[in-house]
Amino acid sequence: MNNSGFETIDFVIFGFYIVLLVGMGLFLSRNKDGQEKNANDYFLAGNTLTWWAVGASLIAANISAEQFIGMSGSAYASGIAMAAYELMAAATLIVVAKFLLPLMIEQKIFTIPQFLRERYNSGVGLAFSILWLFLYVFVNLTSVAWLGALAIKQILGIPADPAVVMGLTVDLNLLNIIIALYIVAGVYSIYGGLASVAWTDVMQVTFLVGGGLITAYFALDAIAPAIGCEGAISALTRVMELLAQVPGDHHFNLVVSRNPEIANITDDPYFDIPGIVVIVGALWLTNLGYWGFNQYIIQKGLAAKSLKEAKKGLIFAAFLKILIPFIVCIPGVCAFLIWKGDSLTFMDGTVLDFSNLSLQGSIERSDDAYPFLIRNFTPTGIKGLSFAALTAAVISSLASMFNSTSTIFTMDVYKQYIDKKASDNKLVNVGRLTSVSALVIALIAVYPLMGGLDQAFQYIQEYSGFVYPGIVVIFGLGLLWKRASGVAAVAAAIGTFAFSIIFKALLPDTPFLIRMCYVFIVLAVMFIALSLASTKTVEAEAITIEVKNTQLKYGYMLLGVAVILLVALGAQMFGASSGQEWAITLERYGFSALWFPIAFFTTLAIYLRSNALDKVQDVKALHVNLDIFKTDLGFNLGAVGVIVILAVLYIMLW
């Protein structure tokens, strides 16, 4: 570690952070009033979380090495358009807070599979319990630990120590770092449950946001003289100006158009972030599935003191989410300019030379970008803080995943199918044992699954995208539509994998976000048809004329919007086939993304009309009181503020 650039004070700061984190986690793990934790205490923090704890914990659980390393790496490769995942997540949190979370809290849900079991049948609940467990252990726990360990190894300049373990060549130093991350995250989360995770996240989010912004600032400040300016702010402007001069470069565009000069679409940044698809397209499926129906995320909202606190927490998280592009994407772009700058051609004749910076390490693959910046550009003392921020991101996410894995297995598998009469004490112990088991399994699986990836963020997004179309259809319609049936849910659960695999095989050169839209359309049609054909119905509960008219009004409004969008899309497709330039330009921006809002609004219109007029409903339909969707002035002002900020950013950086 002699070449890492770390001084003693950096290691002291980092060590102090680790001790503080574990100590705080263990302190919060104490049993209240000397009594053993019950299931609600362990899995839902006793419903004690305030709005700021909910918001901070949501962001701390979400921001991990996937963002710091994976998204920064994708920004290095493709540009800030990758920030759409973060910016549109802020908008999604408003939708989740207003329409989805209130229904879940009203139903007193512990876990997402519990809702499926109660709304549809035990088979659907068990299937998704197993699905989430596999995703958490083999995708989330492995990818977060892998990316975090890679970053730590590069930042500290630790050399490889290859060895053969069970026939597989592994780097022992990297493996030891992964083990250390699992142990630190597990020490307090496994013993203390969600309370320890959530309240330590309040501290960690300060490190996450502060450390990330500091790294971005010092990287820009360091390269400012080499690009002919002074200070970080002017350097950011100059970086934008320089990259805008590179023909075909999209690194500072929030919306990327298809570059016809790149013959192979898979080599075009458009393939990963296809135009307006990231604003109005199937990225909404990813965000709704992740923020609305992902156990380790939504569990923080379910643990709030009240529905009002939960809603405020999600709005707070939305504002924090808007900061993320500045923390992770801009550093990735800066790393691209530093590492590739001498090979770029600028229209004003600028020649970049960073040779005087005495850079340590290298960027051998995209995901090396953020660790490279910390190692080379953060000053002594701040380097330790930035390193702590990165480690905080990894540990907080791992802790949340351990807790949610144990919650799903304990409440949805063990209690339902193994020991229905288990005491609270036994459930807590089973939860702890489950977390330990998940840790061991993830440790065994991490090398075979994650080795050799260039952009882990894209790997995570694409393969999670196999699941999200079905999740949004099954959960969304299950919550809101009285005709949603168990048979339709089973078919959609199977179909989301089957159709995702089929479309990937048939359309390998189609961006996965566009393929997700096609899968959603097929699943929505199938789900609605099977539900309407279901005979397991009872007489629909009576509704007032006011409720009926409200649902019909919004149903017809949404259908009208869908028709207008369909006409616009048809005109563009006709224009493109006729060779009209305006239509071809729209096509390059991914105008076909309109298929998603057309399908989505049509689905909503069908369910609203059905809820208003149908005389029967599914035997397990939920009672939905429209008053639960009402929000106060504070929430509305916060939501408007988020939308205005997003609009300004997209106007400035289109």
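Refer to the preceding data block for the structure.
From a predicted model like this one, the values you see are computed outputs, not experimental measurements.

Chemist: I'm lost on the overall build of the protein chain in this one. Help?
Modeler: Of regular secondary structure, the protein chain possesses 25 helices and four strands. A compact globule built from 654 residues would reach a C-alpha radius of gyration of about 26 Å, and the protein chain, at 25 Å, matches this within 12%. Here the C-alpha coordinates of the protein chain stretch approximately 75 × 75 × 55 Å along the principal axes. The buried share of the protein chain, reckoned over its 654 residues, is 60%. Sequence separation of 24 or more characterises 84% of the internal contacts of the protein chain that already satisfy a separation of 6 or more. A total of about 24,900 Å² of accessible surface is found on the protein chain, and carbon and sulfur atoms cover 66% of it.

Chemist: I tried to follow the packing of helix H22 (residues 545-577) against helix H24 (residues 595-613) on my own but got confused; where do I start?
Modeler: Packed helices, taken two at a time, are described by the angle between their axes plus the distance between the axes. Running from N to C, H22 and H24 cross one another at 155°; their axes reach a closest spacing of 8 Å. One finds that H22 runs roughly antiparallel with respect to H24. The two elements H22 and H24 cross, and the hand of that crossing is left-handed. Tallied by class, the residues present in the contact of H22 with H24 amount to 20 nonpolar, four polar and two charged.

Chemist: Even after reading the chapter, I still don't get the packing of aromatic side chains, so can you show me in this structure?
Modeler: Aromatic rings in a pair are described by how distant their centres are and how their planes are angled relative to each other. Under the defined criterion, the tally for this structure stands at 21 aromatic pairs. For the pair Phe 99 and Phe 629, a centre-to-centre distance of 5.6 Å together with 55° between the ring planes defines the contact as tilted. Placement of Phe 99 in helix H5 (residues 84-106) and of Phe 629 in the loop between strand S4 (616-618) and helix H25 (633-653) is noted, with a sequence separation of 530 residues between them. Among the aromatic side chains, those forming a connected cluster through ring pairs are Phe 115, Phe 128, Phe 293 and Phe 475. Between Lys 98 and the ring centre of Phe 99, over which it is positioned, the NZ or CZ distance is 5.7 Å.

Chemist: I tried to follow helix H10 (residues 232-244) on my own but got confused; where do I start?
Modeler: In an α-helix, one turn spans 3.6 residues, which is why side chains three or four residues apart end up on the same side. If you check H10, its first and last C-alpha atoms are 18 Å apart, about what 13 residues at 1.5 Å a residue would give, namely 18 Å. Taken together, the buried positions of H10 are occupied by Ala 232, Ala 235, Leu 236, Arg 238, Val 239, Leu 242 and Leu 243. Down the axis of H10, the buried side of the element spans an arc of 165°, and every buried residue falls inside it. Exposed side chains of H10 directed beyond 90 degrees from the buried face belong to Ile 233 and Ala 244.

Chemist: I would appreciate a short explanation of the pairing of strand S1 (residues 162-165) in the present structure.
Modeler: In the case of a regular strand, side chains alternate between the two sheet surfaces. In this sheet, strand S2 (residues 168-171) lies alongside S1 in antiparallel orientation, the contact comprising four bridges. Paired with Val 164 across the strands is Thr 169, a residue of S2.

Chemist: Whenever I open this one, the pattern of salt bridges confuses me. Can you help?
Modeler: Where charged atoms from two side chains of opposite charge come close, those side chains can pair. This model, assessed by the stated rule, comprises 10 salt bridges. For Glu 86, the salt bridge identified is with Lys 321, shortest N-O distance 2.3 Å. With a gap of 235 residues between them, Glu 86 in helix H5 and Lys 321 in helix H14 (residues 307-340) connect regions that are remote in the sequence. Overall, the relative accessible area of 2% leaves Glu 86 in the buried class.

Chemist: What is the right way to look at the state of the cysteines in this model?
Modeler: The term disulfide refers to a covalent linkage connecting the sulfur atoms of a pair of cysteines. One pass over the full model with this rule turns up zero disulfides. In this structure Cys 334 is a free cysteine whose sulfur lies 11 Å from that of Cys 229, the closest cysteine sulfur available. For Cys 334, a relative accessible area of 2% corresponds to the buried category.

Chemist: Can you walk me through the side chain of Thr 510 in this structure?
Modeler: Turning to its location among the elements, Thr 510 is positioned in the loop between helix H20 (486-506) and helix H21 (512-533). Residue class for Thr 510 comes out buried when judged on its relative accessible area of 17%. Setting aside its immediate chain neighbours within four residues, Thr 510 contacts Phe 271 and Arg 515.

Chemist: I'm lost on the side chain of Thr 50 in this one. Help?
Modeler: Relative to the helices and strands, Thr 50 is located in the loop between helix H2 (39-44) and helix H3 (51-62). At a separation of 3.2 Å, a polar atom in the side chain of Thr 50 contacts the side chain of Trp 52.

Chemist: Just to check I follow, could you spell out the nonpolar core for this structure?
Modeler: Phe 68, Phe 128, Ile 227, Leu 398 and Phe 527 are the most contacted members of the largest nonpolar core, which has 213 residues in total. Ranked by residue count, the leading element in this core is helix H7 (residues 122-155), at 19 residues. Counting residues in hydrophobic clusters, the runner-up holds six residues, among them Phe 110, Met 411, Tyr 414 and Leu 427.

Chemist: When you look at the environment of Phe 336 in this model, what are you seeing that I'm missing?
Modeler: In this fold, Phe 336 is placed in helix H14. Placed 82 residues apart in sequence, Phe 336 and Ile 418 show a C-alpha to C-alpha distance of 53 Å. In this structure, Phe 336 is in contact with Tyr 76, Leu 243, Asp 249, His 251, Gly 341 and Leu 344, ignoring residues within four places of it in sequence.

Chemist: Got a minute to help me understand a nonpolar patch on the surface in this structure?
Modeler: There is a patch of nonpolar side chains on the surface, built from Tyr 556, Leu 559, Val 563 and Val 567 and spanning about 380 Å² of accessible area. Inspection of the secondary structure puts Val 563 in helix H22. Taking relative accessible area as the criterion, Val 563 reaches 45% and is therefore assigned partly exposed.

Chemist: How should the packing of H21 against H24 be read in this particular structure?
Modeler: Contact geometry of H21 with H24 gives a least axis separation of 9 Å together with a crossing angle of 20°. One element, H21, and the other, H24, form an angle in the roughly parallel class. Helix-helix and strand crossings are classified by hand; for H21 and H24 the assignment is left-handed. Counted together, Cys 517, Phe 520, Ile 521, Ala 524 and Ile 528 of H21 and Trp 595, Phe 596, Ala 599, Phe 600, Thr 603 and Ile 606 of H24 form the full contact between these two elements.

What counts as what
Residues numbered from 1 in each chain as written. Predicted model: local features only at pLDDT ≥ 70, side-chain atom pairs only at ≥ 80, totals over all residues. Heavy atoms only, no water. Helix = DSSP H or I, 4+ residues; strand = E, 2+ residues; numbered from the N terminus. Rg over C-alpha atoms; globule rule 2.2 N^0.38 Å. Buried < 20%, exposed > 50% of the residue type's maximum accessible area, 1.4 Å probe, protein only. Contact = heavy atoms within 4.5 Å. Areas by Shrake-Rupley, 256 points an atom, 1.4 Å probe, with all protein chains shown as cover. Axes fitted to C-alpha atoms, helices over the stretch in contact; angles between N-to-C directions. Parallel < 35°, antiparallel > 145°, perpendicular 65-115°, else oblique. Left-handed = near helix turned anticlockwise from the far one by under 90°. Nonpolar A, V, L, I, M, F, W, Y, C, P; charged D, E, K, R; others polar. Phe/Tyr/Trp six-rings, centres within 6.5 Å; stacked < 30°, edge-to-face > 60°. Lys NZ or Arg CZ within 6 Å of the ring centre and 35° of its normal. Expected span 1.5 Å × (residues − 1). Arc of directions from axis to C-beta. Pairing = 2+ DSSP bridges. Salt bridge = Lys/Arg side-chain N within 4 Å of Asp/Glu carboxyl O. Disulfide = S-S within 2.5 Å. Polar contact = N/O pair within 3.5 Å; in protein donor to acceptor, adjacent residues only side chain to side chain. Core = buried A, V, L, I, M, F, W, Y, C linked by side-chain atoms within 4.5 Å. Patch = residues over 30% accessible without salt bridge, like charges linked within 9 Å, V, L, I, M, F, W, Y side chains within 5 Å.

Note that every value here comes from positions in space, so none of it alone points to a role or purpose.
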